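These are the residues of each chain, in order.
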Amino acid sequence: MSAIRLLVKMSLLSLAIGGCTSLPSAQPLGINEQAMPQSCYATHGGTRLAQIRAIATALERQDYEIRASDVELGLVSAERIRRQPGLGATHQWRGSSLTGFGGRRGGVMLGGGFGNPFGVFRSDPYSIERVSVSADGPRYLAVRSMMIMSPDGFVIDARPASPEPFCQQTHAAIEQALARLGDAP
């Protein structure tokens, strides 16, 4: 009996120690600095207020809608929603196929007309791009993520999307906005 107790205590101890070591401590928000291209970091001239205004202006010119900004934190968050035409005509895994016609809606189609007998003509999914530009000391970090959502609100795909060209274009647009505002060094 004591061998079983010892085995249980050892396994609980190993689970507790393993759980503590698997938690991230340096980056609680999950941003891996080694994975971010160096071009996603840039320094911009001017005051913090002018920088935040330029970041917001640059993102708005790229058709993003500003969702939040904070001058003290040096943060601007924005998003852009776009339809994905043509992706709506795909087979959907949800729904009932027991009723034949109109199986996606769970009913039977009566009468004539074209209708949508196989549930393939439905609304297109949409992509949501979220961008955050935040201060990291004197430099700014641009981060983007993308999600593809089905018309009924299910996530089809989600991933970080901060390649070098995006970061370079975003920081170049911020510099242009700063120059237009007259606060560039």
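Residues numbered from 1 in each chain as written. Predicted model: local features only at pLDDT ≥ 70, side-chain atom pairs only at ≥ 80, totals over all residues. Heavy atoms only, no water.

J.: Outline helix H3 (residues 164–181), supporting the account with residue identities and numerical values.
T.: Taking 1.5 Å of rise per residue, 18 residues should cover 26 Å, and H3 covers 26 Å from first to last C-alpha, within 8% of that figure. Burial in H3 covers these residues: Phe-166, Cys-167, Thr-170, His-171, Ala-173, Ile-174, Ala-177 and Leu-178. The arc that holds the buried residues of H3, viewed along the axis, is 155°, so those residues lie on one side. Facing away from the buried side of H3 by more than 90 degrees, the exposed set consists of Gln-169 and Ala-179. Those residues of H3 that are buried lie in contact with strand S1 (41–43), helix H2 (48–61), strand S4 (126–136) and strand S5 (139–149). Gly-182 lies just past H3 and shows a positive phi near 85°. (Helix = DSSP H or I, 4+ residues; strand = E, 2+ residues; numbered from the N terminus. Expected span 1.5 Å × (residues − 1). Buried < 20%, exposed > 50% of the residue type's maximum accessible area, 1.4 Å probe, protein only. Arc of directions from axis to C-beta. Contact = heavy atoms within 4.5 Å.)

J.: Please set out the side chain of His-171 residue by residue, giving values where relevant.
T.: Relative to the helices and strands, His-171 resides in helix H3. Of note is the side chain of His-171, whose polar atom sits 2.9 Å from the backbone oxygen of Cys-40. A distance of 3.1 Å separates polar atoms of two side chains, one belonging to His-171 and the other to His-44. (Polar contact = N/O pair within 3.5 Å; in protein donor to acceptor, adjacent residues only side chain to side chain.)

J.: So what about the pattern of salt bridges? Which residues, and what values?
T.: Taken as a whole and judged by the stated rule, the model has 8 salt bridges. With its nearest N and O atoms 2.7 Å apart, the salt bridge here joins Arg-83 to Asp-124. Taken together, the residues span a long stretch of sequence, with Arg-83 in strand S3 (residues 75–83) and Asp-124 in the loop between S3 and S4 at a distance of 41 residues. In this structure Arg-83 comes out as exposed when scored by relative accessible area, which is 60%. When the shortest N-O distance is used, the salt bridge between Asp-157 and Arg-159 registers 2.8 Å. Overall, the relative accessible area of 28% leaves Asp-157 in the partly exposed class. (Salt bridge = Lys/Arg side-chain N within 4 Å of Asp/Glu carboxyl O.)

J.: Go over the confidence of the model for the protein chain with me, naming the residues and quoting the values.
T.: Overall, the prediction assigns the protein chain a mean pLDDT of 75, with 62% of residues at 70 or greater. Mean pLDDT per element in the protein chain: helix H1 (residues 2–22) is the minimum at 57, and strand S2 (residues 65–70) is the maximum at 95. A low-confidence stretch, residues 19–29 stays under pLDDT 50, and its non-local contacts, those more than four residues away or across chains, total 1 contact. Low pLDDT (under 50) marks residues 94–113, which in the prediction has 23 contacts with non-local residues, meaning those over four places away or in another chain. (pLDDT = per-residue confidence, 0-100.)

J.: Let's hear about the nonpolar core: which residues, and what values?
T.: Within the largest apolar cluster, 23 residues are counted, with the highest numbers of intra-cluster contacts made by Ile-55, Leu-59, Tyr-64, Val-131, Val-133, Phe-166 and Ile-174. Elements that contribute at least two residues to this core include exactly H2, S3, S4, S5 and H3. With near-sequence residues (within four places) excluded, Tyr-64 lies in contact with Leu-59, Ala-78, Glu-79, Arg-80, Glu-129, Val-131, Arg-144 and Phe-166. (Core = buried A, V, L, I, M, F, W, Y, C linked by side-chain atoms within 4.5 Å.)

J.: I'd like a description of the environment of Arg-83, backed by residues and values.
T.: Placed 41 residues apart in sequence, Arg-83 and Asp-124 show a C-alpha to C-alpha distance of 6.5 Å. Setting aside anything within four residues of it in sequence, one finds Arg-83 in contact with Asp-124, Pro-125 and Tyr-126. Here Asp-124 takes part through its side chain, which lies 2.7 Å from a polar atom of the side chain of Arg-83.

J.: Before we move on, could you go through the state of the cysteines and cite the residues and values that matter?
T.: All chains considered together, the criterion is met by 1 disulfide. Across the disulfide, Cys-40 is cross-linked to Cys-167 (sulfur-sulfur distance 1.9 Å). The sign of the S-S torsion, about 60°, decides the handedness of the disulfide formed by Cys-40 and Cys-167: right-handed. Of this pair, Cys-40 sits in the loop between H1 and S1 while Cys-167 sits in helix H3, and the two are 127 residues apart along the sequence. Assigned by exposure class, Cys-40 and Cys-167 land together as buried. (Disulfide = S-S within 2.5 Å.)

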